[in-house]
Amino acid sequence: MAIKTWTILDHPRHEFRGDLAIGPGDIDASIATHFRIAKRTLRGGLSDRVDVIEVDNGRVTFTVLPTRGMGIGRLSLNAAGDIGWHSPIRGPVHPQFVNLADPSGLGWLDGFDEFLCRCGLESNGAPHFDDKGHVKYPLHGKIANRPAHRVEIGYDTSAGEIIITGEASETRFLVQNLRLTTTIRTKPGELALRIRDEVTNDASTSATAQLLYHINFGGTLLDAGSKVVAPVKTLVPRNDHAAKSIERWDHYAAAEPGFAEQVYLFELLADANGRTRSLLRNAHGTLGASVLFDTKQLPCFTLWKNTGALSDGYVTGLEPGTNYPNPRSFEEKHGRVIRLKPGETRAFDVAIELHPDQPSVRAAEAEVQKLQASAKSTIHPAPQPTWCA
Amino acid sequence: MAIKTWTILDHPRHEFRGDLAIGPGDIDASIATHFRIAKRTLRGGLSDRVDVIEVDNGRVTFTVLPTRGMGIGRLSLNAAGDIGWHSPIRGPVHPQFVNLADPSGLGWLDGFDEFLCRCGLESNGAPHFDDKGHVKYPLHGKIANRPAHRVEIGYDTSAGEIIITGEASETRFLVQNLRLTTTIRTKPGELALRIRDEVTNDASTSATAQLLYHINFGGTLLDAGSKVVAPVKTLVPRNDHAAKSIERWDHYAAAEPGFAEQVYLFELLADANGRTRSLLRNAHGTLGASVLFDTKQLPCFTLWKNTGALSDGYVTGLEPGTNYPNPRSFEEKHGRVIRLKPGETRAFDVAIELHPDQPSVRAAEAEVQKLQASAKSTIHPAPQPTWCA
Amino acid sequence: MAIKTWTILDHPRHEFRGDLAIGPGDIDASIATHFRIAKRTLRGGLSDRVDVIEVDNGRVTFTVLPTRGMGIGRLSLNAAGDIGWHSPIRGPVHPQFVNLADPSGLGWLDGFDEFLCRCGLESNGAPHFDDKGHVKYPLHGKIANRPAHRVEIGYDTSAGEIIITGEASETRFLVQNLRLTTTIRTKPGELALRIRDEVTNDASTSATAQLLYHINFGGTLLDAGSKVVAPVKTLVPRNDHAAKSIERWDHYAAAEPGFAEQVYLFELLADANGRTRSLLRNAHGTLGASVLFDTKQLPCFTLWKNTGALSDGYVTGLEPGTNYPNPRSFEEKHGRVIRLKPGETRAFDVAIELHPDQPSVRAAEAEVQKLQASAKSTIHPAPQPTWCA
């Protein structure tokens, strides 16, 4: 494997690279496919000092945000436009403007505008308050607001693959030392990006962790009549409000101001290797996106439907996780935290595939149906006590 | 209207301009009056990364702080010196150093050094704590610590007017989306600056808001024997401590270490259009400043007397607002919040006029007396239950 | 005294200097001893925008961190390596990433990686919570997360001495205004650095303050068999856990994952002028470091033993202070706060001496023994009520 690399940030060596743009000519003049990787630092507003790496592989463009824990800021299909949602937040938001100590436990919401936002590492769900009402674990955890300390852009000339790598950590002296290492890959012209994350316990004592991928679709993909297609083993509405619409759990309505979010919790079916796929497609079935992951790594799947007004953020989240986004104490009680020995690393693989036309949408649907063929769905009409806090 | 504009910051386009200086020659060589507009980014201390726009119109100099919600940092009369106070805080302070989640609810005080600081938009008064004692609305709200996402410098060649515009917002996903748009105008050689603010509810659901202009005089203007001249319809001392000095509510004493602040609440008289004026003048009546506003927009007026030691901040605030700076719950109970429908905008006009000599001070006093002529003042000797929390 | 100075930061004048390097040639070509002073601003990760001054006097290298209250980041003996510890935190950490409002009171731990970190100025000990459980004084105070507003590099040509000066403050309008002024001195080739700190009450009303020097050794100096040598008048274990190992209070064991920290509180013996010395030396007695201070200024001494795994931060703190690091309320009850009149300044002198070989270690030990000769040690086998909260 021959990898050409550009160090963007190497904290131990205090290396930091300013603006940068890389194209085929920087690798090998014979590469025919257009692509472009550019790194810059934003200025002004809530984005002041946010580093952004933009990858345009020729057909798909996405941004990686080192300053926000290596989240994926935007995702678009060059021929169609944004696949990710449009948040009302004017981001990407620098962590300096996100106050996770907000007593409401909801400070995280001030910075939420990514296509793919990792929730974790210490906790990833709804806020947990102690018995005096002080927030102990704020909403969705800290990792999305921790800046990476190591970032590299690479090009694997053998595989013909763009590779963005980065590391960020949640370290509190004497308390915890969890590290995220991510590798994001895409090939020039590929209609996908593939993420491998590793969570490592750098402490000398055992630790627990949680991870959830808050993958948020909207833009040109989500419309009235959109449908989510998933191989359901078990489905549970999170609360009575979600239960009321359980018959239409997989359908999306038009934007409705004041719409109260609906959340559904799933166990998905997978192939013999644990691989599964869920699909979101537009009303006409001419555009779609799949989320692929491994149910051995990420056994829980959450569907978040938030089809409020466009200006409020018309969005749906397909969210594989190690657990459901309940308060950490509830999830821990039900065994849904990762236990990591000193030095132990756990890997997570998530991929996004885009389907730019009817045939590719149908092919993806067929893949889901193949998985569904192995078992019937159990759909609970009401919240279940071990699933819903 | 022909307006020449310089974009300082346009967040959606990720445009940001570094240091900049504009003078008559950049507009039209025939402009005779000297003026200068300069933009720079401060470095170091609590001011690190604060953007400042300094406007010197030839007679009056003031700074606008995009990084602090478009507040007015300093105001001085070129011939006399600072009209604004001297805070002990070494500002202007970047919001990264102001922790609004401080459990005391008083974190805002760490960044308070402006001449004109907006309090709002969600709330603008004293901290409100929930029944478990957690701060829900911190002192004076968030807007002064929210960076603008759009900033422009303009020059209207028809009106011969310098125009600084900016936008900042308080946006929390799923919770609120309030936007402030400000336009600050002054003409070369003019002894005034005029502010038009618009508060917009960008959410698709209705919202409530509050706004107060914390306009803080000191410097060369405030001295022992200074006087505030206001057209009083009703005056209420905020508490027993203020009530004790009610006879001298309009007089200022010399700096007194340990002086405990005194606050008076007013309903002011206005002309047929709702316009009113309050005036602060020095002991000799040779220097003054008026605050002009519209009582239909800003029905409440608060006078803050804080004549402690010079080193602690010898200052008085003339503060028009949509309400009195009580905890939000109290003001809401008494109907003193703004209600905004989805997309609705409410405008607020505030102007500052400087009076550089005895004739201009007298003329301003005469204006106030004209307003006062329409009705007698009701001065309550003690706090009133619907006014004082 | 002829001092050549370079202003790094002068906040009132908005002066700020970018990267800078100073050597003998910048002072006087005839200076034979090599030294180098360099200032730069770090980029990326948790260190983004941290200013660092590195001083290499030819034999000893240390960094000063204006952005972190003029703390000493690293200390190394050029011939031996780091004398300071290796924190698991990837610092130096910019205050924007340290949330002192964290409800646990422990946010300070997210930024703790210095060799010498000042705890103070309003409070310096364990978190103090009010009766509703809200943190009032977070762990170790604010000063280490306050950026300096004035920084100078100087060279005293008469004394042949490098001088780093800086000022930082803890100012909250209407509440407090404490200022730290530090002067750090070392001579080219000297095996020491000397700190003079002044704490000033800039308010017009009286104030209380606390100060503790969290001086953290590790690196090549601390090993299994290391020993602390101190002239003990009184020794008290902080809690039962520390009491269990009281027999070995002055010995260090090898790194032990999960080791729970042990803390011992001391009154030390001093010479007629109040000067005292405590020494840490390695197992072989071939490397050592002394902490020198004045017991009239800093009557309390705390020893922190935290010999956990190397990766968790194998470290010991020798910590002179105005008090013990108990919650502020406890220390105040026992008279261990500084009282400062308006404008009053209190000075504190602390020096670090390095001992690079057996003879110099022995000489330092002899100094401690000379102090010890004046009285016998009282060693309490259990916590004492007026010492331990």
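All values reported here derive from a predicted model rather than from experimental measurement.

(A) Structural view of the overall build of chain A. Counting secondary structure elements, chain A contains five helices and 26 strands. Taking the principal axes of the C-alpha coordinates as reference, chain A spans close to 60 × 55 × 45 Å. When the 389 residues of chain A are sorted by exposure, 65% land in the buried category. Accessible area of chain A: about 13,500 Å², with a carbon and sulfur share of 49%. Distance between charge centroids for chain A: 2 Å, based on 43 positive and 45 negative side chains.

(B) Representation of the interface of chain C and chain A within the structure. Between chain C and chain A, the residue contacts involve 39 residues of the former and 33 residues of the latter. Buried surface at the junction of chain C and chain A, summed over both partners, amounts to about 2,800 Å²; 55% is from carbon and sulfur atoms. Ranking the residues of chain C by area buried against chain A places C:Arg43, C:Arg90 and C:Pro103 at the top, with a combined share of 23%. On inspection of chain C and its partner chain A, the count reaches three salt bridges. Put simply, C:Asp110 and A:Arg172 hold a salt bridge, and the shortest N to O gap is 2.6 Å. Applying the counting criterion to the chain C and chain A interface returns 12 residue pairs in polar contact (both at pLDDT 80 or more). When contributions to the side of chain C that touches chain A are tallied by element, the ones reaching two or more residues are strand S22 (300-307) and helix H3 (310-313) of chain C.

(C) Up close: the relation of the copies chain C and chain A. Superposing chain C onto chain A takes a rotation of 120 degrees plus a shift of 0.0 Å along the axis, which leaves an RMSD of 0.0 Å. This pairing of chains is accounted for by a three-fold axis. When C-alpha positions in chain C are compared against the rotation axis, the closest is assigned to C:Gln96, at 3.2 Å. Interface residue correspondence from chain C to chain A reaches only 15%, placing this contact among heterologous pairings that use different surfaces.

(D) View of the relation of the copies chain B and chain A. With an RMSD of 0.0 Å, the operation that places chain B on chain A is a rotation of 120 degrees combined with a shift of 0.0 Å along the axis. Comparing interface residues between copies, only 18% of those in chain B also lie at the interface in chain A; the contact surfaces differ.

(E) Examining the interface of chain B and chain A more closely. Counting from both sides, the interface comprises 33 residues of chain B and, opposite them, 39 residues of chain A. When chain B packs against chain A, close to 2,800 Å² is buried across both sides, 55% of that on carbon and sulfur atoms. When the buried area of chain B at its contact with chain A is split by residue, B:His11, B:Arg172 and B:Phe173 rank highest and sum to 26% of it. Summed over the shared surface of chain B and chain A, the number is three salt bridges. Between B:Arg172 and A:Asp102 there is a salt bridge, and its shortest N-O distance comes to 3.0 Å. Counting across the chain B and chain A interface gives 12 residue pairs in polar contact (both at pLDDT 80 or more). Of all the secondary structure elements, the ones that give two or more residues to the side of chain B that touches chain A are strand S13 (161-172) and strand S14 (176-186) of chain B.

(F) Up close: the environment of A:His149. Inspection of the secondary structure puts A:His149 in the loop between strand S11 (135-137) and strand S12 (150-156). Residue class for A:His149 comes out buried when judged on its relative accessible area of 6%. Measuring from C-alpha to C-alpha, the distance between A:His149 and A:Cys300 comes to 29 Å, with 151 residues separating the pair along the chain. Setting aside residues up to four positions removed in sequence, A:His149 forms contacts with A:Leu9, A:Asp10, A:His11, A:Pro12, A:Glu167, A:Ala168, A:Ser169, A:Arg179, C:Gly45 and C:Arg90. Separated by 3.2 Å, the side chains of A:His149 and C:Arg90 make a polar contact.

Rules used in this analysis
- Residues numbered from 1 in each chain as written.
- Chains lettered and ligands numbered in written order.
- Predicted model: local features only at pLDDT ≥ 70, side-chain atom pairs only at ≥ 80, totals over all residues.
- Heavy atoms only, no water.
- Helix = DSSP H or I, 4+ residues; strand = E, 2+ residues; numbered from the N terminus.
- Buried < 20%, exposed > 50% of the residue type's maximum accessible area, 1.4 Å probe, protein only.
- Areas by Shrake-Rupley, 256 points an atom, 1.4 Å probe, with all protein chains shown as cover.
- Lys, Arg positive; Asp, Glu negative; His and termini not counted.
- Charge placed at Lys NZ, Arg CZ, Asp CG, Glu CD.
- Contact = heavy atoms within 4.5 Å.
- Buried area = accessible area lost by both parts, 1.4 Å probe.
- Salt bridge = Lys/Arg side-chain N within 4 Å of Asp/Glu carboxyl O.
- Polar contact = N/O pair within 3.5 Å; in protein donor to acceptor, adjacent residues only side chain to side chain.
- Least-squares fit on C-alpha atoms with pLDDT ≥ 70 in both.

Just distances and angles here, no functional claims.
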